[in-house]
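Results of the structural survey
What follows is the residue order along each chain.
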Amino acid sequence: MAGADADVTAAPAGPPPPLDWKFSQVFGERTAGEEVQEVDIISAIEFDKSGDHLATGDRGGRVVLFERTDTKEHGGSRKDLEKTDYQSNRHPEFRYKTEFQSHEPEFDYLKSLEIEEKINKIRWCQTANGALFLLSTNDKTIKFWKVQEKKVKKVAEMNMDSLKAVGNGSIANSSVSLINKSSHATNGECPDKPCTSLNKDFSSSGAIQSLRLPVVVTCNETSLVARCRRVYAHAHDYHINSISNNSDGETFISADDLRINLWNLEISNQSFNIVDVKPTNMEDLTEVITSAEFHPTHCNTLAYSSSKGSIRLIDLRQSALCDRNSKLFEEHESPGSRSFFTEIIASISDIKFGRDGRYLLSRDYMTLKLWDINMDSGPVSTFQVHEYLRPKLCDLYENDSIFDKFECCLSGDGQRVATGSYSNLFRVFGSVPTSTEATTLEASKNPMRRQVQTPSRPARYLSSSISRVVRRGGESTGNDTNGNSFDFTTKLLHLAWHPTENSIACAAANSLYMYYA
């Protein structure tokens, strides 16, 4: 009997059911036929660790902050709500909080190079004393911002007495009196005789006889103020593609095509080069760094990806210059399947650690791959994002779409992954080994209208005797489910998953769409 109970207890749980996604909110929705301005296109999205704040950056160098409102209305966080009798069936709701100009267009006169104001990445830092802190970067310069509510100060008393000074003539006389007084002052002193005579003269006409300084008082009104605390500049010769906070709360990294630098948040004029892949002769250059991220809990570990489709895990304790990786994650293509596009589509555009740091998600042009950092023989799972594009790679190369950089994200519980595609579509996959979830959603108020039917059982391939690769979500057609050809000009490059709930924020041009399940 006890053995039977043990068997029942040890029975593996099945995969979670697919999520039913619903539209939540949209900010900056376009009207029919409205032309999108280039500077308004969103180029970065990031939730903070609590999920109560969301930041977006655009090509015009602006950062826009949103704050969550549904938890405030009922007195606190989800944990607080669980302790009360109130049952929350509400979905996450956000509202506009503030915005500020983070970067301006610049010109490098030494290199005759224009520096765009476009925000490449945003990363939230630890909050302190009710203030929000975040890092934002364009191609060359990183800035550290503090956003805080401050009480409004107003001037309460002016140098006018309504009882003694009435009419425009009196006010004008008082100003003349002040000018004459200041003209006679020497080193802050005012001779009694001139001032007395002036006062006597103007008192006969009813002007102000004495100088009253304005008084500044603090009101109950508050306003949000964004201040740039530090500027981290002149450390990158190439365009910055990544910034990532360390779990120690004191340092962060910035990465460009050939180097990764380590910074201290408190020191803006010095950084340490920890990764350098620049060859002595630039003609020998074969790969560049495409993305880099710190481990979420181990402050000495970080990962970076390359244009050849490999991911390197490095340990900062090994040496000052981490030119040797502790682990290398890559999947080799069979020689017979190589083509002109093989290396281009293998380039990894984004990597993200799971919340616990055990798994690492990577996005290349055609697929999402989930890696176990304890197993470098191959990915745990591979998800086909838009396999129908493979026959069209020549066209995508001609219009440069093949070089688009799609981002990826993981859910807080690690059970699902998501990434974007063309025609403002994004896909959500179940990352549990037995899951067949592969949902296609459109960034619109009706996200499920382009839903793709997924196979009941995914195809499985054995890449080695140790690593089992699960491939899911492949479609065979070159058109969407409505028979329409896909639009390569509308692409969903940027998205973020809420850290604790099943909620996704994604950018379609200048519009921010939010969904929940």
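Conventions adopted
Within each chain, residue numbers correspond to sequence positions counted from 1 in written order. Two thresholds apply to this predicted model, a pLDDT of at least 70 for residue-level local features and 80 or more for giving and counting side-chain atom pairs, whereas whole-chain, interface and lining totals are computed over all residues. The basis for every side-chain value is the complete set of non-hydrogen atoms in the structure, without hydrogens or water. Helix numbering and strand numbering both begin at the N terminus, where a helix is a DSSP run of H or I of at least 4 residues and a strand a DSSP run of E of at least 2. Only protein chains enter the calculation, and the probe is 1.4 Å; a residue is then buried if its accessible area is under 20% of its type maximum, exposed if over 50%, and partly exposed in between. In what follows, residue pairs with any heavy atoms lying within 4.5 Å of each other are defined as contacts. In short, DSSP must find at least two bridges between two strands for them to pair. Axis angles are defined between N-to-C directions and span 0 to 180 degrees, where every axis is a line fitted to C-alpha atoms and, for a helix, only to the segment in contact. Polar contacts, as used here, are pairs of N or O atoms within 3.5 Å; protein pairs need one atom able to donate a hydrogen and one able to accept it. Residues neighboring in sequence count only if both atoms are side-chain atoms. Here, a salt bridge means any side-chain nitrogen of Lys or Arg that lies within 4 Å of a carboxyl oxygen of Asp or Glu. Classification of ring pairs uses Phe, Tyr and Trp, with its six-membered ring standing for Trp, and accepts pairs whose centres are within 6.5 Å; under 30 degrees between planes counts as stacked, over 60 as edge-to-face, and the remaining range as tilted. Only residues above 30% relative accessible area that lack a salt bridge enter a patch, with like-charged residues linked at up to 9 Å and the nonpolar side chains Val, Leu, Ile, Met, Phe, Trp and Tyr linked at up to 5 Å. What sets the accessible areas is the Shrake-Rupley method with a 1.4 Å probe; for residues, cover comes only from the shown protein chains. Nonpolar core, defined: a set of buried Ala, Val, Leu, Ile, Met, Phe, Trp, Tyr and Cys residues in which side-chain atoms within 4.5 Å join the residues together.

1. Details of the overall build of the protein
- Scanning the protein from terminus to terminus reveals six helices and 32 strands.
- The 517 residues of the protein split such that 46% are buried.
- When contacts within the protein are restricted to residue pairs at least 6 apart in sequence, those whose partners lie at least 24 apart make up 59%.

2. Focus on the sheet that holds strand β4 (residues 62–68)
- Spatial strand order, β2-β3-β4-β5: four strands in an open sheet with antiparallel pairing. Two strands bound the open sheet, and with one partner strand each, they are β2 (42–47) and β5 (94–101). In this sheet, adjacent strand axes meet at a mean angle of 20° when their direction is disregarded.
- Of the pairings in the sheet, the one linking strand β3 (residues 53–58) to β4 comprises five bridges and is antiparallel in character. Bridged to Gly57 within β4 is Val63.

3. As for the side chain of Lys146
- Within the secondary structure, Lys146 is located in strand β10 (residues 142–157).
- A distance of 3.5 Å separates the side chain of Lys146 from the side chain of Gln148, its partner in a polar contact.
- Excluding residues within four positions of it along the chain, Lys146 makes contact with Ala131, Leu132, Phe133, Val225, Ala226, Arg227 and Arg229.

4. Examining the pattern of salt bridges
- Considering all chains together, one arrives at 24 salt bridges under this definition.
- Of the charged contacts in the structure, one is a salt bridge between Lys369 and Glu331, with a shortest N-O distance of 2.9 Å. Placement of Lys369 in strand β22 (residues 367–372) and of Glu331 in the loop between β19 (327–329) and α5 (342–346) is noted, with a sequence separation of 38 residues between them.
- Owing to a relative accessible area of 26%, Glu331 belongs among the partly exposed residues under this scheme.
- Salt bridges here are not isolated pairs; linked through shared partners, they connect Lys111, Asp237, Arg259 and Asp276.

5. Points about unusual backbone geometry
- Look at Asp400: it is not a glycine, yet its phi comes out positive at around 70°.
- A positive phi angle is found at Asn424, which is not glycine, with a value near 55°.
- Within the secondary structure, Asn424 is located in the loop between β25 (416–420) and β26 (425–430).
- Exposure remark for Asn424: the relative accessible area of 11% places this residue in the buried category.

6. Notes on the sheet that holds strand β15 (residues 267–276)
- If you walk across this open sheet you meet the four strands as β12-β13-β14-β15, and the pairing is antiparallel. For this open sheet the edge positions go to β12 (242–245) and β15, each flanked by a neighbour on one side alone. In this sheet, neighbouring strand axes are inclined to one another by 25° on average, regardless of whether the strands run parallel or antiparallel.

7. A word on the packing of aromatic side chains
- With the rule as written, the count across this model stands at 23 aromatic pairs.
- Consider the rings of Phe340 and Tyr397, whose centres lie 5.4 Å apart with planes at 85°: the pair is edge-to-face. Taken as a pair, Phe340 in the loop between β19 and α5 and Tyr397 in helix α6 (residues 393–398) lie far apart in primary sequence, 57 residues in all.
- Residues Tyr513 and Tyr515 carry aromatic rings whose centres are separated by 6.3 Å and whose planes lie at 10° to one another, so their mutual orientation is stacked.
- Residue class for Tyr515 comes out buried when judged on its relative accessible area of 0%.
- Through a chain of ring-to-ring contacts, three or more aromatic side chains come together here, namely Phe23, Phe426, Tyr513 and Tyr515.

8. Quick word on a nonpolar patch on the surface
- On the surface, Phe340, Tyr397 and Phe403 cluster together into a nonpolar patch covering about 310 Å² of accessible area.
- Overall, Tyr397 belongs to the partly exposed group, its relative accessible area being 31%.

9. What about the nonpolar core?
- Ranked by size, the top nonpolar core spans 17 residues in total, and within it Trp21, Phe426, Val428, Leu495, Ile504 and Cys506 carry the most contacts.
- Counting residues per element, the ones that place at least two in this core are β26, β30 (495–497), β31 (503–508) and β32 (511–516).
- Examining the composition of this core, we find that three residues originate from one element, β31, more than from any other.
- Setting aside anything within four residues of it in sequence, one finds Trp21 in contact with Val428, Thr439, Leu441, Pro447, Met448, Trp497, Asn502, Ser503, Ile504, Tyr515, Tyr516 and Ala517.
- Of all hydrophobic cores here, the second largest spans 15 residues; its members include Leu393, Ile402, Phe486 and Leu493.

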